[in-house]
Amino acid sequence: MTDWLGLPPLATTHGGQIDGLIGWIHVFMLILFIGWGGFIAYALIRFRRSRHPVANYAGVTSHRSTYLEIGVAVVEAVLLFGFAIPMWAARVDDIPPRNEALLMQVTAEQFAWNVHYAGPDGVFGRTDIKLLDLQSNPLGLDRTDPAAKDDVTTLNQLYLPVNKPVIVRLRSKDVIHSFGVPEFRVKQDAVPGLTIPIWFVPNVTTADMRTRLGKPEFQYEIACAQLCGLGHYRMRGFVTVQTAEEFQKWMEEKIKEQAEAAADPFK
């Protein structure tokens, strides 16, 4: 379905449902377009001036238009209650158990995406606004907290294992941003003062997608879908989907790298 819709290639397990809904909406839109366009053409010809030089103030007495409007309302109700609401409920309420998913926090700011992994212990380290430093510590992570020893932070780079549920807790430091990855069929606003969870299961690695598209330079891109300021155009992040082994290796290397940096901050 993505071919005729012109959508980006799918890279998550739930994306087919999203595309299906978009496809049906376009089908019904096409039917309405043809139907109403045909009706307008019929009305212009049927009630042209040369055939009806004098206005008929009684109007049309048929109830066909009423039946058509009821039919349109029924179709809209089917789309809403049969497709949209169940899909929304599944994406919002049916969040996978934390022990079965990779949990992370993504904090947006003008104009960057700050990514925070809890590390192997699964516990996020303490943060303190007094420790905020836009260059060295944009999240204010307290590395003296035992829970923060194995935490991993990145800037504009999101690494994910393939075929594993991912839960992203979205936050914002300043204004409303919007976390959007077209290939994942995911888009959610990050609102100041709120922590909003989203989840998905990536099922195509970056390497596989490059091979599939024949584009060695391809990258999944995080785009801010809200106009968040003068630098909105450069608020870009990138997602790298890896095999489980590659992700584990990357995580171990980052933990080691950050532990060495914490031990010798002047290195």
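Worth saying up front: this structure is predicted, and the values here are computed from it rather than measured.

Caption draft 1: Structural detail: the nonpolar core. Core analysis: the largest hydrophobic core is formed by 38 residues, its most contacted members being Y117, F179, F184 and Y220. Listed in part, the 7 residues of the second largest apolar core include A101, L103, F124 and W199.

Caption draft 2: Local environment of helix 2 (residues 15-46). If you check helix 2, its first and last C-alpha atoms are 46 Å apart, about what 32 residues at 1.5 Å a residue would give, namely 46 Å. Considered for burial, the residues of helix 2 that qualify are G15, I18, D19, G20, L21 and G23.

Caption draft 3: Representation of the sheet that holds strand 6 (residues 177-181). Ordered by their spatial adjacency, 5 strands build an open sheet running 4-10-9-6-7, and the pairing between neighbours is mixed. Of all strands in the sheet, those bounded by a partner on one side alone are strand 4 (157-161) and strand 7 (186-190). On average, each strand axis in the sheet is inclined to that of its neighbour by 20°, with strand direction left out of account. Bridging between strand 4 and strand 10 (residues 236-242) involves 5 bridges; their strand directions are parallel. Residue Y159 lies in a different strand from strand 10, and its bridge partner there is T240.

Caption draft 4: The arrangement of the pairing of strand 8 (residues 196-200) in detail. With 4 of 5 residues buried, strand 8 is to be regarded as a mostly interior element. Of the pairings in the sheet, the one linking strand 5 (residues 166-172) to strand 8 comprises 5 bridges and is antiparallel in character. Of the residues in strand 8, the one forming a bridge with I167 is W199.

What counts, and at which threshold
Residues numbered from 1 in each chain as written. Predicted model: local features only at pLDDT ≥ 70, side-chain atom pairs only at ≥ 80, totals over all residues. Heavy atoms only, no water. Core = buried A, V, L, I, M, F, W, Y, C linked by side-chain atoms within 4.5 Å. Buried < 20%, exposed > 50% of the residue type's maximum accessible area, 1.4 Å probe, protein only. Helix = DSSP H or I, 4+ residues; strand = E, 2+ residues; numbered from the N terminus. Expected span 1.5 Å × (residues − 1). Pairing = 2+ DSSP bridges. Axes fitted to C-alpha atoms, helices over the stretch in contact; angles between N-to-C directions.

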